Amino acid sequence: MGLTYQSTGTAAFREEAFNFSADDKQPVIALAGNPNTGKSTLFNLLTGLRQHTGNWPGKTVLQSKGSFIHQGIKYTVVDLPGTYSLLANSIEEQVARDFICFAKPDVTVVVVDATCLERNLNFVLQVMEITNKVVVCVNLIDEARRKKIQVHTDKLRKMLGVPVASTAANIGEGIPKLLDLVSKVVFDKLKPKPVQIKYDKEIEEAVSKLEPKVIEALGSELNSRWVALRLLEGDTTLIQSLENYYGKQHLQTLQEVLA
Amino acid sequence: MNSDNSMSSLLKEAQGIIGPQQGQMRDRIVNSIYQTAESIAASTVSTSGKVDWDRKIDKIITSKIWGFPIMLALLTVVLWITITGANVPSSLLAEGLFWIEAKLTDFFMAVNASEWLHGFLVLGVYRGLAWVVSVMLPPMAIFFPLFTLLEDLGYLPRVAFNLDRFFKGAGAHGKQALTMSMGFGCNAAGVIACRIIESPRERLIATLTNAFVPCNGRFPTLIALATIFISGSVAVTFKSAAATLTVAGLVVVGIAITLLVSFLLTKTLLRGIPSSFTLELPPYRKPQVGQVLIRSVLDRTIFVLARAMIIAAPAGGIVWILANTMIGDTSILALVAGWLDPFARHMGLDGFILMAFICGLPANEIVFPILIMSYVSGGAMMELDSLKALRQLLVEQHGWTWLTALCTTLFVLCHWPCGTTLFTIQREQKSWYWMFMAALIPTLVGIVLCIAVNYLVRGLGLV
Amino acid sequence: MCPTLNNIPVGCNALVKKINASGIKKRRLLDLGLVPGTKVEAVGRSPLGDPTAYNIRGAVIALRNEEASMVQVSKLGN
Ligand SMILES: Nc1nc2c(ncn2[C@@H]2O[C@H](COP(=O)(O)OP(=O)(O)OP(=O)(O)O)[C@@H](O)[C@H]2O)c(=O)[nH]1
Ligand SMILES: [Mg+2]
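First things first, this report covers the structure right here in the doc.

The rules behind these values
Residues numbered from 1 in each chain as written. Chains lettered and ligands numbered in written order. Predicted model: local features only at pLDDT ≥ 70, side-chain atom pairs only at ≥ 80, totals over all residues. Heavy atoms only, no water. Pairing = 2+ DSSP bridges. Helix = DSSP H or I, 4+ residues; strand = E, 2+ residues; numbered from the N terminus. Axes fitted to C-alpha atoms, helices over the stretch in contact; angles between N-to-C directions. Contact = heavy atoms within 4.5 Å. Expected span 1.5 Å × (residues − 1). Buried < 20%, exposed > 50% of the residue type's maximum accessible area, 1.4 Å probe, protein only. 1 Å grid on protein atoms, 1.4 Å probe; cavity = no way out; pocket = protein on both sides within 12 Å on 5 of 7 lines; lining within 4 Å. Points joined across faces, edges and corners; volume = space filled by probe spheres on them. Nonpolar A, V, L, I, M, F, W, Y, C, P; charged D, E, K, R; others polar. Near = heavy atom within 4 Å. Polar contact = N/O pair within 3.5 Å; in protein donor to acceptor, adjacent residues only side chain to side chain. Areas by Shrake-Rupley, 256 points an atom, 1.4 Å probe, with all protein chains shown as cover. Salt bridge = Lys/Arg side-chain N within 4 Å of Asp/Glu carboxyl O. Parallel < 35°, antiparallel > 145°, perpendicular 65-115°, else oblique. Donors = N, O, S within 2.8 Å, 3.2 Å for Na, K, Ca; no water. Buried area = accessible area lost by both parts, 1.4 Å probe. Core = buried A, V, L, I, M, F, W, Y, C linked by side-chain atoms within 4.5 Å. Phe/Tyr/Trp six-rings, centres within 6.5 Å; stacked < 30°, edge-to-face > 60°. Lys NZ or Arg CZ within 6 Å of the ring centre and 35° of its normal.

The strands making up a sheet are joined through hydrogen bonds of the backbone, oriented either antiparallel or parallel. Residues and elements named next belong to chain A. Across the sheet, which stays open at both edges, the six strands sit in the order β2-β3-β1-β4-β5-β7 with mixed pairing between neighbours. Single-partner strands in this sheet number two, and they are β2 (64-70) and β7 (164-166). With strand direction ignored, the average angle separating the axes of adjacent strands in the sheet is 25°. In terms of strand pairing, strand β1 (residues 28-33) meets strand β3 (residues 73-79) through four bridges, oriented parallel. Looking at the pairing, A30 lines up with V78 of β3. Along the sheet face, helix α5 (residues 117-130) touches β1, β4 (107-113) and β5 (134-139) and points at about 165° away from the line of β4.

See below:
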């Protein structure tokens, strides 16, 4: 119960909170994204496992775990359920959000559909609000080619501030480059600097007022701007998760700060 | 308590800062995110407009005129390929496996093994295995890959789109069409797929009715019965066609029952109004045909073989023991069957059939093999390597009529789901009560249906 | 009177003005990209007239009448 992130270390925390055991030194990669973008296909390709795939949104209902070895290093991969957003409107969204937010994967690979980038960027931006360690995988690039849709990945990388690789997961195209970027981010050879979404003046002002208090309470564990935004919109699910995962210790600090 | 206070005070703090507009915060936040996404997409994506094939295809596939006929046609084609495709491998497998059985028997004779050892191992365990493999494996290994192709193509969401109006009418969720589709492969998988339905009420409805879709373990039984009986009465060239149409008809009946039971549940145990429904229709994607076929044929084959080893082989052994352990001058098997017989007769079945269903609780694919084994055991030895021989066994030795076949078929469609599925339901719903209901509801439907059909047909003097 | 999304004939476009719902229902619709100012096209109806498929920000999404009627729009024609 009263489990604190700092006191137990990442691996133990992941294990207790997410029923998720992996070697402490083994980097964890989360595959997130909209439904039907090829996360499970990528997962199967990397791990050699056989998660259910198929062309309909919502197939993966359980997060599943596997591992693979790249350049002598063993990675753990987690296939998350596909969701349209991370604003915790459903159980799946909450599962995905909590994993990215609290289990702190070493990299979150956001798998996006190249034929429908705009809708998928909505999700990418939300992930980038939570964590810096993001790699965008523009998947289904073969479908995009077939439909004569061109995604300028260089420009996308510059505009998002995170590494971008384009892939066709079903035929294995672009995977080496993706893994290369992933490993660079894991070992801090590449430091993504995600762009921030600018909200309207009123919201930005409110955030700047609330953020210091959040930092005081939570330290640097979570992205304070993101937490402040959630608090401002009155998101109670996040507060529940905070309690679940961090127990009372933090919350007491919070109370002191606010007293 | 402590933490509750601190949380609410932090929330209050936030509320104080943002003021009475908190209600619109979500709108404004989502709006900004989407605007950012829009502007990034606008400068990183370029399209050189092309004919939108997906839309043209959807216009036909979901059209008023063609929507339903195409669904039926696809179902029929898939079944037809399964039935005609399974014929040859089935009989080859049967010949091969029964040739091995003969050799095994020779071997047991040669080493002077005791009668019961030979009976248990060869006529029980081996035969159970051989039956499941030869009758069940080929249709399963053909149907499943075909279905996977349709799934990869992107057809399933269109089915859900077309059928949603029915599900809405029944107070259920349109995605139930997807969970049903998964049920064709395996009901346990269908039950897990029910998680895509968010409303607990509608998810439960989908869970409780999933057994009305014949899973892969029941399909071959339907196919075998249809082939033996329906096509027995028509010219050879139409045999497969007639069997196909029968099985397709049964699937439609299953869907109709699903809707009816969903409706009744909505009106009784699970009262409520339909929750919201949104479903994305993804673009059609070209499946990697070769890879999908090879992989899923292999997958299915391994799956079926593994289940045959784990369940069918021991079941075969047990059935043989029951059939050969005498109490007085009847075997235990015959005794139980005799005890079940009066009730089974009301349903248009006989005691052995009902008993086979009960023994099939661990896995549906062993129902038919167990039935055949219990008919054969003790009785005259015969070469059961063709459907003709089967027909002879059922009709001439055990008095089956087309009505028996019909009632058996209906009961295959409507009875308790297999043990694995029940176990999955218990795990998913975390409730023994709903697991029990998931077994009871289809069973009651099946019993009522069989009795009604039986008495109706007999009353009309049709048999 | 402002039309709602379910009144848009197939093949026509509309601009989202407002979502007449609250709580989780509204959030879901927002998540699908139905934020004010979004262009939406009615792509096709199911054989039985309901649900209807809409092109929302590049994805085709089916909504039942009940949901679509919560989305207030202004007509754009085709
Ligand atoms: N042409 C093409 N098809 C792909 C590619 N990646 C995945 N697919 C296909 O797209 C479909 C969806 O892939 P999945 O891996 O099941 O998608 P997912 O992201 O896990 O979906 P959910 O679990 O529903 O969130 C499958 O039919 C895949 O075969 C790709 O790069 N190119
Ligand atoms: Mg998946």
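Compared with the 20 Å implied by 1.5 Å per residue over 14 residues, the 20 Å span of α5(A) between its first and last C-alpha is a close match. With 13 of 14 residues buried, α5(A) lies mostly within the body of the structure.

The next thing to look at is the layout of surface pockets. Roughly 1100 Å³ of volume is contained in the second largest pocket. Forming the boundary of the second largest pocket are 45 residues, of which T115(A), K147(A), I149(A), D52(B) and G58(C) lie nearest the centre. Residue contributions to the lining of the second largest pocket peak at five residues, all from helix α3 (residues 53-61) of chain B. Residues belonging to the lining of the second largest pocket are distributed by class as follows: 19 nonpolar, 10 polar and 16 charged.

This part is about the site of ligand 1. Looking at ligand 1, there are 25 residues lining it, with K39(A), T41(A), K59(A), T60(A) and R285(B) nearest. Residues lining ligand 1 come from chains A and B. Within the backbone of N36(A), one N or O atom sits 3.0 Å away from an oxygen atom of ligand 1. Between ligand 1 and the protein, one listed contact pairs an oxygen atom with a backbone N or O atom of L140(A) at 3.3 Å. Notes on ligand 1: free accessible area 660 Å², of which the protein chains cover 96%. Per-element accounting of the shell around ligand 1 gives the leading share, three residues, to helix α3 (residues 39-47) of chain A. Its residues placed into classes, the shell around ligand 1 shows six nonpolar, 13 polar and six charged.

Listed per partner, the contact involves 57 residues of chain B and 67 residues of chain A. The tally of links between chain B and chain A comes to six salt bridges. Where D113(A) meets R285(B), a salt bridge forms, and the shortest distance between an N and an O atom there is 3.6 Å. Our count for the contact surface shared by chain B and chain A stands at 19 residue pairs in polar contact (both at pLDDT 80 or more). The biggest single contributor to the side of chain B that touches chain A is helix α2 (residues 22-44) of chain B, with 16 residues. Tallied by class, residues from the side of chain B that touches chain A come to 25 nonpolar, 16 polar and 16 charged.

All names here are of chain B. The N-to-C vectors of helix α13 (residues 332-346) and helix α14 (residues 351-359) enclose an angle of 105°; their axes lie 7 Å apart at closest approach. Compared by their axis directions, α13 and α14 come out roughly perpendicular. Residue-level contacts link L333, A334, V336, A337, L340, D341, F343 and A344 of α13 to G351, F352, L354, M355 and I358 of α14. Looking at the contact of α13 with α14 residue by residue, the classes come out as 11 nonpolar, one polar and one charged.

Angles between donor atoms at a metal ideally measure 109.5 degrees for a four-coordinate tetrahedral arrangement and either 90 or 180 degrees for a six-coordinate octahedral one. Residue and element names in this part refer to chain A. The coordination sphere of the magnesium ion (ligand 2), as far as protein atoms go, consists of S40 (OG) and T60 (OG1), spread over 1.9 to 2.0 Å. Of the two residues, S40 sits in helix α3 while T60 sits in the loop between α3 and β2, which places them 20 residues apart along the sequence. The same class applies to S40 and to T60, which are both buried.

Another point: the interface of chain B and chain C. Each partner contributes to the interface: chain B provides 32 residues, whereas chain C provides 32 residues. Note on chain B versus chain C: buried area summed over both sides is about 2700 Å², and carbon and sulfur give 53% of it. On the chain B side of the contact with chain C, Y34(B), R55(B) and F161(B) bury the most area, a combined 22% of that side's loss. Applying the counting rule to chain B against chain C returns seven salt bridges. In this structure, the salt-bridge partner of K168(B) is D50(C), at a minimum N-O distance of 2.3 Å. On inspection of chain B and its partner chain C, the count reaches 15 residue pairs in polar contact (both at pLDDT 80 or more).

Let's shift gears to the nonpolar core. In this structure, L208(B), F219(B), L349(B), F368(B), W400(B) and F411(B) are the most contacted members of the largest nonpolar core, which totals 128 residues. Looking at this core, the element that brings in the most residues is helix α5 (residues 115-153) of chain B, giving 14 residues. One finds A103(A), L125(A), V138(A) and A206(A) within the second-largest nonpolar core, a separate group that totals 65 residues.

A word on the packing of aromatic side chains. The description of an aromatic ring pair rests on the distance of the ring centres and on the angle between the ring planes. Residue and element names in this part refer to chain B. On inspection of all chains with the given rule, the structure shows 14 aromatic pairs over all chains. Centroid distance F411 to W416: 5.9 Å. Interplanar angle 80°. Geometry classified as edge-to-face. In this structure W416 comes out as buried when scored by relative accessible area, which is 15%. Ring geometry for Y433 versus W434: centroids 4.8 Å apart, planes at 65°, classification edge-to-face. Judged by relative accessible area, W434 falls into the buried class, the value being 15%. In this structure an aromatic cluster arises from ring pairing among F143, F147, F184 and F219. If you follow R300 out to its NZ or CZ, it ends over the ring of F144, 3.8 Å from the centre. Against the face of F229 rests R391, its NZ or CZ located 5.8 Å from the ring centre.

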